[in-house]
Amino acid sequence: MQYKLFGRTGLRVSELALGALNFGRRWQHGAQIEDAKVMLDAYADKGGNFIDTSDSYQYGESEEYLGQLLEGRRDEFVLATKFSQWATPDASILITGNSRKAMVTSLEASLKRLKTDRIDLYWVHYPDEVTPTEEIMRGFEDLIRAGKILYAGLSDFPAWRVARAATLAEWRGYAPLAGIQVEHSLLRRSMEYEFLPMAQALGLGLTTWSPLGGGVLTGKYRNGETGRHEAFGGLGFVVEEDARQTAIINAVLEVATECDLSPSQVAIAWSMTKNVIPIIGPRTMAQLEDNLNASDITLSPEHIDKLNQISALPKVFPYTMTDTDGCRQRIAGGKFNDLELPAYPLA
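Treat the numbers as computed from the prediction; the structure is a model and nothing was measured.

Cut-offs and rules
Residues numbered from 1 in each chain as written. Predicted model: local features only at pLDDT ≥ 70, side-chain atom pairs only at ≥ 80, totals over all residues. Heavy atoms only, no water. Core = buried A, V, L, I, M, F, W, Y, C linked by side-chain atoms within 4.5 Å. Buried < 20%, exposed > 50% of the residue type's maximum accessible area, 1.4 Å probe, protein only. Contact = heavy atoms within 4.5 Å. Salt bridge = Lys/Arg side-chain N within 4 Å of Asp/Glu carboxyl O. Helix = DSSP H or I, 4+ residues; strand = E, 2+ residues; numbered from the N terminus. Pairing = 2+ DSSP bridges. Axes fitted to C-alpha atoms, helices over the stretch in contact; angles between N-to-C directions. Expected span 1.5 Å × (residues − 1). Arc of directions from axis to C-beta. Right-handed = clockwise from strand over helix to strand, strands pointing away. 1 Å grid on protein atoms, 1.4 Å probe; cavity = no way out; pocket = protein on both sides within 12 Å on 5 of 7 lines; lining within 4 Å. Points joined across faces, edges and corners; volume = space filled by probe spheres on them. Nonpolar A, V, L, I, M, F, W, Y, C, P; charged D, E, K, R; others polar. Phe/Tyr/Trp six-rings, centres within 6.5 Å; stacked < 30°, edge-to-face > 60°. Lys NZ or Arg CZ within 6 Å of the ring centre and 35° of its normal.

Participant: Would you mind going over the nonpolar core in detail, with residue names and values included?
Facilitator: Counting 90 residues, the largest nonpolar core has Phe6, Phe50, Tyr122, Phe140, Leu154 and Leu307 as the members making the most contacts within it. For Phe140, the residues in contact, after removing those within four places along its chain, are Phe83, Met103, Tyr122, Val124, Ile149, Ala152, Gly153 and Leu154.

Laid out in structure tokens, this is it:
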């Protein structure tokens, strides 16, 4: 497995992250600790070093499993977890959400479950619609200065709030915002409108969840399987309900057949061409082995182009205006095609 720098940090992470959503059985769907150990060991043997979990996954059991499984080898992994929902279904209003109180309380509980003295990457799981960005970023700064967390990131936040958070950190001399986590797959590419260029421009690490569309891109649901369709309340599951989605799934299956690969490997390998770090979330060893093999795959330009075209998004404002040749030529005195453009989008 290859390694990538996480944004503009010196943190070196594997190109595939291991999501631990399925580590545990408190949600009645997941892996027992013995199976989780086998998967973690296999991931590490392949060169993986980036683990992503949350205090809420399996009502805290995911963190508890990892606390046991990482004993004696904690420093071999980048350990990321999240807060906002807490680890019990009946948590009070004071310890859920994004407030500094919720952040500190959640962190202390996660440290105990994970049996560690610090979190390498701490995410806000998603916005609570009431806590100001200033409060979140100051809370992160205090935890970083205290050595309780090393890096901080935002998961499932709108792009404009991520940009504000990164700017606040820069202007106030806080530790920089390290990264973002968003949904991305061939079926759901909308993050490419704003999040992808923003991450490139602001130097943010970009992790993506549900690269298989909740398993839909494997084609298994066409055969009557259930899996994510019924588990976890359908989280990340994309219903095949229109001609575009059907065409995308068909294209994945066709490329898989032509390349003698599994559909999962094709979908994950395609996502890796977007310079993101996909989070795989296997429940079984067979799923893990299949997913990990995507790191050994290089899709041909023709297959990448086929998948890009079949899943392409329509342009939205302001790109419907600014990406036209007329606009480009007018702002470059008719010399746009002769202009050397920056390697990355500008912030």
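Participant: Residues and numbers for the pattern of salt bridges, please.
Facilitator: In the structure shown here, the tally under the stated rule is 22 salt bridges. Asp41 is paired through a salt bridge with Arg73; the nearest N and O atoms lie 2.8 Å apart. Taken together, the residues Asp41 in helix H1 (residues 33-45) and Arg73 in the loop between helix H2 (61-69) and strand S5 (78-83) connect sequence positions 32 residues apart. Taking relative accessible area as the criterion, Arg73 reaches 16% and is therefore assigned buried.

Participant: Quick rundown of the sheet that holds strand S3 (residues 17-19)? Include the residues and the values.
Facilitator: Strand order in the closed barrel formed by eight strands is S3-S4-S5-S6-S7-S8-S9-S10, and the pairing between neighbours is parallel. When strand polarity is set aside, the average angle formed by the axes of neighbouring strands in this sheet is 30°. Looking at chain direction, strand S4 (residues 50-52) and S5 are connected through three bridges and run parallel. Across the sheet, Ile51 pairs through a bridge with Leu79, a residue of S5.

Participant: Before we move on, could you go through H1 and cite the residues and values that matter?
Facilitator: Helix length check: H1 (13 residues) gives 18 Å between terminal C-alpha atoms against 18 Å at 1.5 Å per residue, within 8%. Among the residues of H1, those classed as buried are Ala36, Met39, Leu40, Ala42 and Tyr43. One side of H1 carries all its buried residues, which in axial view fall inside an arc of 165°. Facing away from the buried side of H1 by more than 90 degrees, the exposed set consists of Glu34 and Asp45. Among the structural elements, strand S2 (12-14), S3, S4, H2 and helix H9 (285-292) are those in contact with the buried residues of H1. Within two residues after H1, Gly47 carries a phi angle of roughly 105°, on the positive side.

Participant: I'd like a description of the pairing of strand S8 (residues 179-183), backed by residues and values.
Facilitator: For a regular strand, side chains alternate in direction, first toward one face of the sheet and then toward the other. Burial of S8 is extensive: five of the five residues sit out of reach of the surface. Burial along S8 is two-sided: Gly179, Gln181 and Glu183 facing one way and Ile180 and Val182 facing the other are all buried. Examined bridge by bridge, strand S7 (residues 149-155) and S8 share three bridges and lie parallel to one another. Bridging across to S8, Ser155 finds its partner in Gln181. Note on the crossover from S7 through helix H5 (residues 159-172) to S8: the handedness is right-handed. With helix H6 (residues 191-202) bridging S8 and the parallel strand S9 (residues 205-209), this β-α-β connection has right-handed handedness.

Participant: Now, about the layout of surface pockets: what can you tell me, with residues and values included?
Facilitator: Within this model, the second largest pocket holds a volume of roughly 800 Å³. Only H6 and helix H11 (319-322) provide two or more residues apiece to the lining of the second largest pocket. Broken down by element, the lining of the second largest pocket gets its largest block of residues, three residues, from H6. In terms of residue class, the lining of the second largest pocket is made up of 15 nonpolar, one polar and five charged.

Participant: Which residues make up the side chain of Ser185, and what values go with them?
Facilitator: Structurally, the position occupied by Ser185 is in the loop between S8 and H6. Those residues in contact with Ser185 that sit more than four places away from it in its chain are Ser210, Pro211, Gly213, Leu217 and Trp270.

Participant: An account of helix H8 (residues 263-272) is requested, with residue identities and associated values reported.
Facilitator: Structural remark: α-helix, 3.6 residues per turn; residues separated by three or four positions point the same way. Burial runs high along H8: 10 of the 10 residues are buried. The complete set of buried residues in H8 reads Pro263, Ser264, Gln265, Val266, Ala267, Ile268, Ala269, Trp270, Ser271 and Met272. The inward-facing, buried residues of H8 abut H6, helix H7 (243-259), strand S10 (277-280), H9 and helix H10 (301-310).

Participant: Describe the packing of aromatic side chains, listing the residues and the values that go with them.
Facilitator: Counting across every chain of the model gives four aromatic pairs. When the ring of Phe6 is compared with that of Phe50, the centres are 5.9 Å apart and the planes differ by 80°; the resulting orientation is edge-to-face. Of this pair, Phe6 sits in the loop between strand S1 (3-5) and S2 while Phe50 sits in strand S4, placing them 44 residues apart in sequence. Judged by centre distance (6.1 Å) and plane angle (85°), the ring pair of Trp27 and Tyr59 falls under edge-to-face. With a gap of 32 residues between them, Trp27 in the loop between S3 and H1 and Tyr59 in the loop between S4 and H2 connect regions that are remote in the sequence. Judged by relative accessible area, which is 26%, Trp27 ranks as partly exposed. Sitting over the ring of Trp86, Arg113 keeps its end group 5.9 Å from the ring centre.

Participant: Mind laying out the environment of Ala20, listing which residues take part and the relevant values?
Facilitator: Tracing the sequence through the fold places Ala20 in the loop between S3 and H1. Separated by 61 residues in sequence, Ala20 and Thr81 have C-alpha atoms that sit 9.7 Å apart. Those residues in contact with Ala20 that lie beyond four places of it in its chain are Asp52, Thr53, Tyr57, Ser62 and Leu66.

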